[in-house]
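Per-entry structural report
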Amino acid sequence: MITDAGGIPLAATLTGGNRHDVTQLLPLIEAIPPVRGRCGRPRQRPVQVFADRACDHGKYRALVRARGIEPVIARRGTGHGSGRGRYRWVVEQAIALLHWFRRLRIRWEIRDDIHEAFLSLGCAVICWRRLKIYSLC
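For the structure given in this document, a descriptive report is provided here. (Residues numbered from 1 in each chain as written. Predicted model: local features only at pLDDT ≥ 70, side-chain atom pairs only at ≥ 80, totals over all residues. Heavy atoms only, no water.)

Focus on the side chain of Arg130
Turning to its location among the elements, Arg130 is positioned in helix H5 (residues 112-136). At 2.5 Å, the side chain of Arg130 forms a polar contact with the backbone oxygen of Gly6. (Helix = DSSP H or I, 4+ residues; strand = E, 2+ residues; numbered from the N terminus. Polar contact = N/O pair within 3.5 Å; in protein donor to acceptor, adjacent residues only side chain to side chain.)

Shown next as C-alpha cells:
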C-alpha cells in the first residue's frame, strides 16, 4: 500500500504470501493516479517516497530516481532513531484501518480477485471517512 502524507491510500496491490516488499515498490509508484485540483498540468508522481529498510537496495534507489522521485529510505546496518519511523507510521496506520474490516484482517477468499475487490472497497471507505472528517472542519 502507498499513501499520501495524511494516510489516505493512493494505491494498493495484492501479492502472494511471504513475498518481499521491495518487489511491489515500482508497481505501486506506477499505480498512483494523477493529482488533480489545481490549475495547470496535474502532478503525475510524488516528490519523495519514504520507505523502510526492506527497500534499501541501490538498484531500486536508482529506478526510483530515474522516475524523478527522491527516495528517502533508511539504510540497512545503521542504528534506529533516524526519524523516518514517523513517516512510515502513516502507512502502518492505514494498514491498521484496513484491519477494521474483518474480511481483510484474515484472508478467507480463495480467489484473489475477490480479495482485491474487498481491498479496493476498504481503501475507498477509508478515503470517504477522511473526506467526511475534512469537510466537517
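Still more ground to cover, so stick around.
Focus on the environment of Ile69
Here Ile69 lies in the loop between helix H2 (58-66) and strand S4 (70-73). Residue Ile69 is classed as buried on the basis of its relative accessible area, which comes to 2%. Separated by 38 residues in the primary sequence, Ile69 and Ala31 place their C-alpha atoms 14 Å from one another. Setting aside its immediate chain neighbours within four residues, Ile69 contacts Ile29, Arg45, Pro46, Val47, Gln48, Val49 and Val64. (Buried < 20%, exposed > 50% of the residue type's maximum accessible area, 1.4 Å probe, protein only. Contact = heavy atoms within 4.5 Å.)

Re the pairing of strand S3 (residues 48-51)
Residues Val49 and Ala51 line the buried face of S3, whereas the alternating positions Gln48 and Phe50 sit on a face that is not buried. At this point the chain moves from S3, through H2, to the parallel S4, and the crossover so formed is right-handed. (Right-handed = clockwise from strand over helix to strand, strands pointing away.)

Quick look at the pattern of salt bridges
Tallying each qualifying case throughout the model produces 5 salt bridges. Of the charged contacts, one joins Asp56 and Arg61 as a salt bridge, the two residues approaching to 2.9 Å between their closest N and O atoms. In this pair, the class of Asp56 matches that of Arg61, namely buried. A salt bridge links Asp113 to Arg111, with the nearest nitrogen and oxygen atoms 2.8 Å apart. What makes Asp113 partly exposed here is its relative accessible area of 38%. What emerges from the salt-bridge pattern is a single network uniting Asp56, Arg61 and Arg75. (Salt bridge = Lys/Arg side-chain N within 4 Å of Asp/Glu carboxyl O.)

Here we look at the environment of Asp56
Within the secondary structure, Asp56 is located in the loop between S3 and H2. Taking the C-alpha atoms as reference points, Asp56 and Ala117, separated by 61 residues in sequence, lie 30 Å from one another. With near-sequence residues (within four places) excluded, Asp56 lies in contact with Arg61, Ile73, Ala74, Arg75 and Arg76.

The values are spatial; any link to function lies outside them.
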